[in-house]
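Here is how the chains run, residue by residue.
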Amino acid sequence: MDVVGSAVHGEREKLAPLEFSTRDVGPADVAVSIEWSGVCHSDIHTGRSEWGEVMFPCVPGHEIVGRVLEVGSEVTKFSVGQRVGVGVYVDSCRECGPCLAGMSNYCAKGMIGTYNVPERDGEGYTLGGYASGIVVDHGYVVTVPESLDPAGAAPLLCAGITLYSPLKEWGAGPGTKVGIIGLGGLGHMGVKFAKALGAHVTVFSHSASKKEDALAMGADDFIVTTDESVFDTHNQQFDLIINTVSAPIDLNPYLELLGLDSTLVMVGLAPEPYPINAPTMLAQRRRIAGSMIGPVAQLQEMLDFAGEHNIVSDVEVIKADYLNEAWDRVVDSDVRYRFVIDASTFATA
Ligand code: NAP
Ligand code: ZN
């Protein structure tokens, strides 16, 4: 399938149009006509070579919502015209323990990311959702409820699942006190899902201007972290804290906020290591864990839950030619709260 999209063409270059061909639609594949494509901070980390080697041209994008254009001969689960989504990975080894246990996002050989990863058959590498179309194995495609605003649903495919998964894993619900650090794309989805699950939700933010929005999203409390004295007053009060911040921060004051056996989950991906004070960990037998998106079945579960509770992202819809500015604004924590590209605006150079 011939498509148009936006790509980073070389190191330290800006995004610019790219015409390319996807692979042919195989018997197990679904061809998706992309309608909406979210802008995740991971696109920027990758596109700006903050996480290591990049295969150029790099077409980012892993928050994809569109309609089925064509299905392969073996595909019975999807039909032409259906609204579907594609998230952060498009394949996995299908043989290792995690894959066989239904957790292919933790594939022992590494999940095959939607962009910038060699394809499973070794033919080329993946090109993502900043484009008018994509071809994906049907086992990695999900159904998006028709009731949801499709632009607002796109960020569920990464930001949504990345917060839903740890909230479920660590038991967020009635009677639990959850903290979300950073009110960006991921963080604001965390507020909405934690609230819908019944938890008491506190946002920790370095942007005082986001308070009203956080409360409107359902947060019970909003704490501005630029005043460090706030940490003293919340000592040992939290059951679960999820760090969504894209830059390195001092985690130790947050650890002090956890009660006995409680957990700080890392989902933000600053490239630098985080220094941890051992005595803070020992006191209250605290834990630090990590969590990476979620498996395909849970992605579907989250989308169905979002459909039932009408949960979508707060989005700023943009045209493809605004992408470079949008990336700068994301880095400046100046997005309310996810940019989503109208995929009809990808154009030839
Ligand atoms: P984002 O929209 O930029 O949100 C990050 C938020 O962190 C900002 O809105 C800001 O919130 C806070 N922040 C940013 N710089 C900060 C600084 N210097 N000091 C303190 N706070 C700061 O990014 P995102 O798309 O949500 O992604 C967040 C991180 O998660 C990225 O590193 C991304 O790569 C990673 N990620 C991980 C997974 C996973 O599976 N684990 C999946 C997707 C993305 P406030 O203004 O409220 O402070
Ligand atoms: Zn992402």
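Bear in mind that the values here come from a model prediction, so they are computed numbers and not experimental data.

## Remarks on the site of ligand 1
Here is step 1: By nearness alone, 30 residues border ligand 1, and Ser205, His206, Ser207, Lys210 and Arg338 come closest of all.
Here is step 2: Taking Ser207, its side chain carries an N or O atom lying 2.5 Å from an oxygen atom of ligand 1.
Here is step 3: Within the contact set of ligand 1, an oxygen atom lies 2.6 Å away from a side-chain nitrogen or oxygen of Arg338.
Here is step 4: Contact with the protein chains hides 91% of the accessible area of ligand 1, taken as 920 Å² for the molecule alone.
Here is step 5: With three residues, helix α1 (residues 41-47) is the single largest residue contributor to the shell around ligand 1.
Here is step 6: When grouped by side-chain class, the residues that make up the shell around ligand 1 number 13 nonpolar, 15 polar and two charged.
Here is step 7: Viewed by domain, the shell around ligand 1 spans two of them, domain 1 (2-157 + 313-348) and domain 2 (159-290), each represented by three or more residues.

## Thoughts on the domain arrangement of the chain
The figure often quoted for interface size is the accessible area lost as the parts come together.
Here is step 1: The domain boundaries assigned to the chain delineate domain 1 (2-157 + 313-348) and domain 2 (159-290).
Here is step 2: Distance between the C-alpha centres of domain 1 and domain 2: 27 Å.
Here is step 3: Across the domain 1 to domain 2 interface the summed buried area is about 1,400 Å²; carbon plus sulfur atoms make up 53%.
Here is step 4: Remark: the boundary between domain 1 and domain 2 carries two salt bridges.
Here is step 5: For the side of domain 1 that touches domain 2, the per-class residue count stands at five nonpolar, four polar and five charged.

## A closer look at empty space enclosed by the protein
Here is step 1: Enumeration over the complete set of coordinates arrives at two cavities of 30 Å³ or more.
Here is step 2: Together, Gly87, Val88, Tyr89, Tyr140, Leu157, Ile161, Ile293, Gly294, Val296 and Leu299 line the largest cavity.
Here is step 3: Residues of the lining of the largest cavity, tallied by class, amount to eight nonpolar, two polar and no charged.
Here is step 4: Quantified by volume, the second largest cavity comes out at close to 30 Å³.
Here is step 5: Looking at the second largest cavity, the residues that line it are Arg23, Val90, Asp91, Glu119, Val136 and Asp137.
Here is step 6: Where the lining of the second largest cavity is concerned, the elements lending two or more residues are β6 (89-91) and β8 (133-137).
Here is step 7: By residue class, the composition of the lining of the second largest cavity is two nonpolar, no polar and four charged.

## Remarks on the sheet that holds strand β13 (residues 238-243)
Here is step 1: If you walk across this open sheet you meet the six strands as β12-β11-β10-β13-β14-β15, and the pairing is parallel. Only two strands of the sheet have a single partner each, and these edge strands are β12 (221-224) and β15 (287-290). Across the sheet, the axes of successive neighbouring strands diverge by a mean angle of 20°, strand direction being ignored.
Here is step 2: Bridging between strand β10 (residues 177-181) and strand β11 (residues 200-205) involves five bridges; their strand directions are parallel. Paired with Val178 across the bridge in β11 is Val201.
Here is step 3: Strand contacts of helix α4 (residues 159-169): β10, β13 and β14 (258-266), with the helix running at about 155° to β13, the strand carrying the most contacts.

## Comments concerning the pairing of β8
Here is step 1: Counting buried residues along β8, five of its five residues qualify, which places the element largely inside the surrounding structure.
Here is step 2: Where burial is concerned, the two faces of β8 agree: the one with Gly133, Val135 and Asp137 and the one with Ile134 and Val136 are both buried.
Here is step 3: Two strands pair when backbone bridges link them, and strand β3 (residues 29-38) and β8 are joined in this way by five bridges, in the antiparallel orientation. Residue pairing across strands places Val30 opposite Val136, the latter belonging to β8.

## Some words on the packing of α4 against helix α9 (residues 296-309)
Here is step 1: Viewed as axis vectors pointing N to C, α4 and α9 meet at an angle of 95°, and their least axial separation amounts to 10 Å. When the interaxial angle is binned, α4 and α9 end up roughly perpendicular. Contacts between α4 and α9 involve Gly160, Ile161, Tyr164, Ser165 and Lys168 from the former and Gln298, Leu299, Glu301, Met302 and Phe305 from the latter.
Here is step 2: Partitioning the contact of α4 with α9 into residue classes produces five nonpolar, three polar and two charged.

## So, the nonpolar core
Here is step 1: Membership of the largest hydrophobic core comes to 91 residues, with the highest contact counts inside it found for Tyr130, Leu156, Leu167, Phe193 and Leu323.
Here is step 2: No other element matches the six residues that α9 contributes to this core.
Here is step 3: When we break this core down by domain, the ones giving at least three residues each are domain 1 (2-157 + 313-348) and domain 2 (159-290).
Here is step 4: When near neighbours in sequence (up to four residues on either side) are disregarded, Leu323 contacts Ser6, Leu15, Val39, Tyr130, Ile318, Ile341 and Phe346.
Here is step 5: By size, the runner-up hydrophobic cluster in this structure holds 18 residues, among which are Ile223, Val245, Leu264 and Met281.

## So, the coordination of the zinc ion (ligand 2)
Here is step 1: The protein atoms donating to the zinc ion (ligand 2) are Cys40 (SG), His62 (NE2) and Cys158 (SG), with metal-donor distances spanning 2.0 to 2.2 Å.
Here is step 2: Mapping the donors of the zinc ion (ligand 2) onto the primary sequence gives the spacing C-x21-H-x95-C. Taken together, the positions of Cys40 in the loop between β3 and α1 and His62 in the loop between α1 and β4 (64-71) put the pair 22 residues apart, joining distant regions of the chain.
Here is step 3: Take His62: its relative accessible area is 5%, and that puts it in the buried class.

Calculation criteria
Throughout, residues of each chain are indexed from 1 in the direction in which the sequence is written. Ligands are numbered from 1 and chains lettered from A, in the order in which they are written. Residues qualify for local features only when their pLDDT is at least 70, as the model is predicted, and side-chain atom pairs are given and counted only at 80 or more; totals for whole chains, interfaces and linings, by contrast, use all residues. Side-chain measures were taken over the full set of non-hydrogen atoms in the model, leaving aside hydrogen atoms and water. Here a residue is near a molecule or strand as soon as one of its heavy atoms is found within 4 Å of it. By the criterion applied in these results, polar contacts are pairs of N or O atoms within 3.5 Å in which, for protein atoms, one can donate a hydrogen and the other can accept it, and in which residues neighboring in sequence qualify only through two side-chain atoms. Surface accessibility in these figures is a Shrake-Rupley result with a 1.4 Å probe; residues are shielded only by whichever protein chains are displayed. The helix and strand labels rest on DSSP assignments: H or I over at least four residues marks a helix, E over at least two residues marks a strand, and numbering proceeds from the N terminus. In this classification, Asp, Glu, Lys and Arg are treated as charged, Ala, Val, Leu, Ile, Met, Phe, Trp, Tyr, Cys and Pro as nonpolar, and every other residue, Gly included, as polar. An automatic or database domain assignment supplies the start and end points of every domain. Throughout, the accessible surface (probe 1.4 Å) given up by two parts as they are put together, summed over both, is called the buried area. Any carboxyl oxygen of Asp or Glu within 4 Å of a side-chain nitrogen of Lys or Arg constitutes a salt bridge here. Put plainly, a pocket is an open set of points on a 1 Å grid over the protein atoms alone with protein on both sides within 12 Å along at least five of seven lines, a cavity is a set where a 1.4 Å probe fits but cannot get out, and a lining residue has an atom within 4 Å of a point. Grid points are joined across faces, edges and corners, and a volume is the space filled by probe spheres set on the points. We call two strands paired when DSSP finds no fewer than two bridges between them. Axis lines are fitted to C-alpha atoms, over the contacting stretch for helices. Their N-to-C directions set the angle, which ranges from 0 to 180 degrees. Every residue pair with non-hydrogen atoms within 4.5 Å of one another is taken to be in contact. The cut-offs for exposure are 20% and 50% of the maximum accessible area for each residue type, with area from a 1.4 Å probe on protein chains only; residues under the lower value are buried, those over the upper are exposed, and the others partly exposed. Here roughly perpendicular refers to angles of 65 to 115 degrees, roughly parallel to angles under 35, roughly antiparallel to angles over 145, and oblique to all remaining angles. The criterion is simple. A nonpolar core is a set of buried Ala, Val, Leu, Ile, Met, Phe, Trp, Tyr and Cys residues joined through side-chain atoms within 4.5 Å. For Na, K and Ca the donor cut-off is 3.2 Å; for every other metal, N, O and S atoms count as donors within 2.8 Å. Water does not enter the count, which can leave sites looking incomplete.

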